[in-house]
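Chain by chain, the residues:
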Amino acid sequence: MKDRIELFDTTLRDGTQGEGISLSVQDKLMIAHKLDEFGIDVIEGGWPGSNPKDEEFFRSVKKLNLFHAQICAFGSTARSLKNIENDPNLQALLNAETPVVSIFGKTWRLHSQKGLGISDEENEELIFKSVEFLKRNGKRVIYDSEHFFDGFKDDKNFALRMLKAAEKAGADVIVLCDTNGGTMPHEVFDIIIELKSTILRTIGIHTHNDSELAVANSIAAIQAGAIHVQGTMNGVGERCGNANLCSIIPNIILKLNKKTKQEINLEHLTSVSHFVYELMNLAPNTRAAYVGKSAFAHKGGIHVSAVLKDSRMYEHIDPEKVGNKQRVLISDLSGQSNIRYKAKELGIDLSDKKELSKKVVNYIKMLEYGGFQFDGAEASFELLLNGETNEFSPYFRVLDSKIHVFFDADGHSKAEAVLKIEVDGEIEHTASDGNGPVNALDNALRKALLRFYPEISLIKLVDYKVRVLDEKEGTNAKVRVMIESSDGNDTWSTVGVSENIIEASFQALSDSINYKLFKYQKRNKKQTV
Ligand SMILES: [Zn+2]
């Protein structure tokens, strides 16, 4: 039990200090709940003295029925030695009514002398008295030694003296912070080894990612004997971010073979990561280790054929252990194994159809050469493959279309699309307007098809991306349009390429609707059989 690693999450405090990140009180409560379920030990909820939102969080979180995690409030040491008992920083911490508090103090002489303008003795006393006050009030105290590594390198004696003050006052955990994120892993390791004869309390680590080493530094600290580790989900945080718990946790469990204090539901890791991204309104980092969409995605033909024989050849762990999954991508690098794997995933058996899979590979290579990209548009690929095996043919045909764009005197544009389509020999003629030509076309197409296929009313456009493929051509250049659609349950991506942006958009829109209808029909067929 003694050597089990304690996990301290500061997504809700340090994480929200990251650029572009904002969470409502309700978001914070939902994340706290999720982290508790996941198995995090301590959740730092915010800085109660700093803003009303955090104060409200601490009021509301008490009503949350947490299974295991303890909530922690963050703050600084007292402002002055004069009236510790009534210091506003410390009072705010007590008012948060959490079982755990974390406070930070200055450990780098540069900060205490230049920043605060106080003597060594005063700084030492501020740390001692603040920790001692919180201990006296029954709190578990986590002492964050701000800028510890920089302070230690600058003036070892000063830094150690400040740590000893916190330890003597009864701090339960002494956290060594690489606040500026500039320390190297070997320094973290060596310094903690050196420290172990002086500091007898539990040692913790808090790192930032300014040298892209926050995870490596946390692991180095654990190797040297730290048993409390702080970080954020997805590594969000000030500047380049905090140490990423989504990488640290699987590294602790799967690579260092160490136990965490509470059993972690590691197979929930990917979904917890996505949940946090979702609430922060951030697009997930597809290349993130362990939890990224691409973390176990194989594109090169040689890789794919090896992975199909034995996934260990190109995967460092079984993706299911962290709740992720293996993916095989389709691109002009693909060989036949990619196509067969993908087909199998889609329920199409190509194992005895070598000629067909060769034909599909060549066709895809040709399309990708022309600017298509299928590894981001799996729905278009699925239609193409099913088209080749005669499982799919388009649900409608466009006979004629016209688009008008008008500009008024202020330069505001308005567009109108007129469309003639055919479904099973029946003709439908519609017109619709929109705030631009693509929007007008999209509206007209839906309006025309709704009578035949009411299920398309659920489709929503989630994302629309245009990429110019050969920039030198200027306005004549080819463009690729990628569309992400959703029906509330599933999301799917489609692609179109043309020199004409409207045509490229229309291809992607048509694929999106065809895909939905294809899936819908397939599902219904299955139910009636
Ligand atoms: Zn920090």
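As shown above, the structure is provided for reference.
Here's a quick rundown of the structure.

Cut-offs applied
- Residues numbered from 1 in each chain as written.
- Predicted model: local features only at pLDDT ≥ 70, side-chain atom pairs only at ≥ 80, totals over all residues.
- Heavy atoms only, no water.
- Helix = DSSP H or I, 4+ residues; strand = E, 2+ residues; numbered from the N terminus.
- Buried < 20%, exposed > 50% of the residue type's maximum accessible area, 1.4 Å probe, protein only.
- Pairing = 2+ DSSP bridges.
- Axes fitted to C-alpha atoms, helices over the stretch in contact; angles between N-to-C directions.
- Donors = N, O, S within 2.8 Å, 3.2 Å for Na, K, Ca; no water.
- Contact = heavy atoms within 4.5 Å.
- Disulfide = S-S within 2.5 Å.

Another aspect to go through is unusual backbone geometry. Apart from glycine, the bulk of residues carry a negative phi angle, and the bulk of peptide bonds sit in the trans form. Located in the positive-phi region is Asn-257, a residue other than glycine, with phi close to 50°. Looking at the element boundaries, Asn-257 is found in the loop between α10 (245-255) and α11 (269-279). By relative accessible area, which is 64% here, Asn-257 ends up exposed. Phi angles above zero are rare outside glycine, and Asn-281 is one such case at about 60°. Take Asn-281: it is sitting in the loop between α11 and β9 (297-298). Accessibility expressed as a relative area gives 71% for Asn-281, which makes it exposed.

On to the sheet that holds strand β14 (residues 460-468), then. Strand order in the open sheet made by the three strands is β14-β15-β16, with antiparallel pairing throughout. Looking at strand neighbours, the two that pair on one side only are β14 and β16 (491-498), the edges of this open sheet. Taken pair by pair, the neighbouring strands of this sheet meet at an average axis angle of 15°, ignoring direction. Relative to β16, strand β15 (residues 479-486) runs antiparallel, the two sharing eight bridges. Bridging across to β16, Ser-485 finds its partner in Trp-492.

Turning our attention to the coordination of the zinc ion. The zinc ion binds to the protein through Asp-14 (OD), His-206 (NE2) and His-208 (NE2), with metal-donor distances spanning 2.0 to 2.2 Å. Each donor residue of the zinc ion belongs to the same chain, and together they define the spacing D-x191-H-x1-H. Each member of the pair, His-206 as well as His-208, is classed as buried.

Before going further, it helps to spend a moment on the sheet that holds strand β8 (residues 228-231). Here eight strands make up a closed barrel; going around it, the order is β1-β2-β3-β4-β5-β6-β7-β8 and the pairing parallel. Averaged over all pairs of adjacent strands, the angle between their axes in this sheet comes to 25°, without regard to strand direction. Examined bridge by bridge, strand β2 (residues 42-46) and strand β3 (residues 70-76) share four bridges and lie parallel to one another. The residue of β3 that forms the bridge with Gly-46 is Ala-73. Along the sheet face, helix α9 (residues 214-224) touches β6 (173-178), β7 (202-207) and β8 and points at about 170° away from the line of β7.

For the structure shown, the criterion picks out zero disulfides. Of all cysteine sulfurs in the structure, the one in Cys-72 sits closest to Cys-177, which takes part in no disulfide; the separation is 12 Å. On the accessibility criterion, Cys-177 (4% relative accessible area) is buried. Residue Cys-246 stays outside any disulfide, its sulfur separated by 18 Å from that of Cys-240, the closest cysteine. Under the relative-accessibility criterion, Cys-246 is labelled buried at 0%.

Function cannot be inferred from these measures alone, as they are strictly geometric.
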